[in-house]
Amino acid sequence: MKSAVETLNPTRVRLTVEVPFEELKDSLDAAYKKINQQVTVKGFRKGKIPARVIDQRFGRGAVLEEAVNDALPKFYTEAVNEGELNVLGQPEVDITELKDGELLAFTAEVDIRPEIEIPDYSGIEVEVDPVEVTDEDVDKAVEELRERFASTAPVERPAEDGDVVTLDLEAKVDGEVLEDGLASDVSYTIGSGELLDGIDDAVKGLEAGGEATFTSELKGGSAAGKEAEITVKVSKVAKRELPELDDDFAQLASEFDTLEEVRADSRKRLENMKQYDQATQAQERVLDALLELAEVPIPEKLLEDEVNTRKHNLEHHQLGQMGLDLAKYLEIQGKTAEEFDAETREQAVKGIKTQFILDELVNKEKLNVDQEELTEHLMRRAASSGMSPDQFAQAVVEGGQVPMLVGEVARGKALAVVVEAVTVKDTNGEVVDLSDDEDEAAEATEAAAEQAEGDAAEAKADSDK
């Protein structure tokens, strides 16, 4: 077999391949065997029909077509390996010559990963929010803890803001009660905004046994997005009672003995959260600055596939779960279809660029991922997915997604290398030390590159077949 590579542009090549006919022997034998199992000829046992009879009865062309279809992936892969190409997606193959007994020639156009020059990033400087926890922040955290330990007591008076009311609801659209439009004994805190728009005004002022009707747009269910007539009946009104902020409360709500210890612990937790947020913010801003410096050609076919995949996932998975279609989603977001398309394309470009440049850094820095790092990353991903680590690990293995997770960790390590080399300051002018923040780096790159990684992994798997 002979092959040659022609560069069409920085992200696409054309392979020209010539295969001597004798190299098709195994595929020809397999073609005759396959046809033998599929056809019957009087006078011959199934599977024992001579090749010359198959040629006579069914035509040599059918055999050649079957053999070529079987052989093409193998010869294409050999040509890719000879050319040391990092291909993306499926090739466009054109058989240019097929001479029985002499030669098979074909061309294959395919996208490739572009060669990327890593820019000098040592001069990058980004600014992040400082880690500052005020007394007001601590007060708010303690108050939220106090809210969780609130009790309720029935009252015989009109409902007010902050009261917990027990409701029966009925929803009608065009005068008809919806099949899923009835709900009983719903507990609702007035002012929480957790149910329907307009419900607060409807129930405030009602006593137990009171009833009101209002119109509201349904947020979910069979008539999501439609205006409905809602009838609400209050069966109980209860006042929320908060515990006193004292040492008794501290012992009730925590492992601490005093309120001051609770406040000190709340402050420490807030500091840790803000440090984490600061690290994540720094990773994201360093990544953005790195992408601005780098010249990264984007394969057009990969980009179009990425855009289409993002749209499909939004329309058929995320919005479907919320009972919305794309038109309603755009209306809620206040965006036109053109603005949505432009935004989706921009996000796709960023995801692909992120993956390409960080993968190049992984190779340049010779970064590896050990089992402990992979396990820690798997645990974080499992927690964010709402699955147990065992369930998530099983899903990853069964879905062939282990290389994807390894890639995420490796790219996080690559970004951590960049972060250690740049200057990060808070808005107070203080230098921020983010060394060894690979966990946050992995998560910062994950959002930008997640979908692109899935496409690239699939494309790589296809190219290896």
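If you're wondering where the values come from, they're calculated on a predicted model, not measured in any experiment. (Residues numbered from 1 in each chain as written. Predicted model: local features only at pLDDT ≥ 70, side-chain atom pairs only at ≥ 80, totals over all residues. Heavy atoms only, no water.)

**Student:** It is not clear to me how the overall build of the chain should be interpreted in this structure. Could you clarify?
**Tutor:** When helices and strands are tallied, the chain shows 14 helices and 11 strands. Taking 465 residues into account, the globule formula puts the C-alpha radius of gyration at 23 Å, and the chain, at 32 Å, lies well above it. The C-alpha extent of the chain, read off along each of the three principal axes, is 100 × 65 × 45 Å. Residues classed as buried in the chain amount to 39% of the 465 residues present. (Helix = DSSP H or I, 4+ residues; strand = E, 2+ residues; numbered from the N terminus. Rg over C-alpha atoms; globule rule 2.2 N^0.38 Å. Buried < 20%, exposed > 50% of the residue type's maximum accessible area, 1.4 Å probe, protein only.)

**Student:** Would you take a moment to explain unusual backbone geometry for this structure?
**Tutor:** Peptide bonds are mostly trans, and most non-glycine residues show a negative phi. Of note, the phi angle at aspartate 185 is positive, near 55°, even though the residue is not glycine. Its place among the elements puts aspartate 185 in strand β8 (residues 176-189). Overall, aspartate 185 belongs to the exposed group, its relative accessible area being 59%. Backbone geometry places lysine 366, a non-glycine residue, at a positive phi of 55°. Along the polypeptide, lysine 366 turns up in the loop between α10 (337-365) and α11 (371-385).

**Student:** Before we go on, may I ask you to explain the pairing of strand β4 (residues 103-112) in this structure?
**Tutor:** Across the 10 residues of β4, 9 count as buried, placing the element largely inside the fold. Note: strand β3 (residues 87-99) against β4, 9 bridges, orientation antiparallel. From the neighbouring strand, glutamate 92 faces β4, where its bridge partner is glutamate 109. Two successive antiparallel strands, β3 and β4, enclose a turn made up of 3 residues, where glycine 101 displays a positive phi of approximately 85°. (Pairing = 2+ DSSP bridges.)

**Student:** Quick question: what am I supposed to make of the packing of helix α1 (residues 25-38) against helix α2 (residues 51-58) here?
**Tutor:** The relative placement of two packed helices is expressed as an angle between their axes plus a distance between the axes. Axis separation between α1 and α2 bottoms out at 11 Å; the angle between their running directions is 70°. Considering their axes alone, α1 and α2 lie roughly perpendicular with respect to each other. Every pair of crossing elements has a handedness; the one defined by α1 and α2 is left-handed. Between α1 and α2, the residues in contact are Tyr32, Ile35 and Asn36 and Ala51, Ile54 and Asp55, respectively. (Axes fitted to C-alpha atoms, helices over the stretch in contact; angles between N-to-C directions. Parallel < 35°, antiparallel > 145°, perpendicular 65-115°, else oblique. Left-handed = near helix turned anticlockwise from the far one by under 90°. Contact = heavy atoms within 4.5 Å.)

**Student:** Looking at this model, I keep getting lost on a nonpolar patch on the surface. Mind explaining?
**Tutor:** A surface patch of nonpolar side chains, amounting to about 220 Å² of accessible area, comprises Val93, Ile95 and Leu98. As for its placement among the helices and strands, valine 93 is situated in strand β3. Owing to a relative accessible area of 40%, valine 93 belongs among the partly exposed residues under this scheme. (Patch = residues over 30% accessible without salt bridge, like charges linked within 9 Å, V, L, I, M, F, W, Y side chains within 5 Å. Areas by Shrake-Rupley, 256 points an atom, 1.4 Å probe, with all protein chains shown as cover. Salt bridge = Lys/Arg side-chain N within 4 Å of Asp/Glu carboxyl O.)

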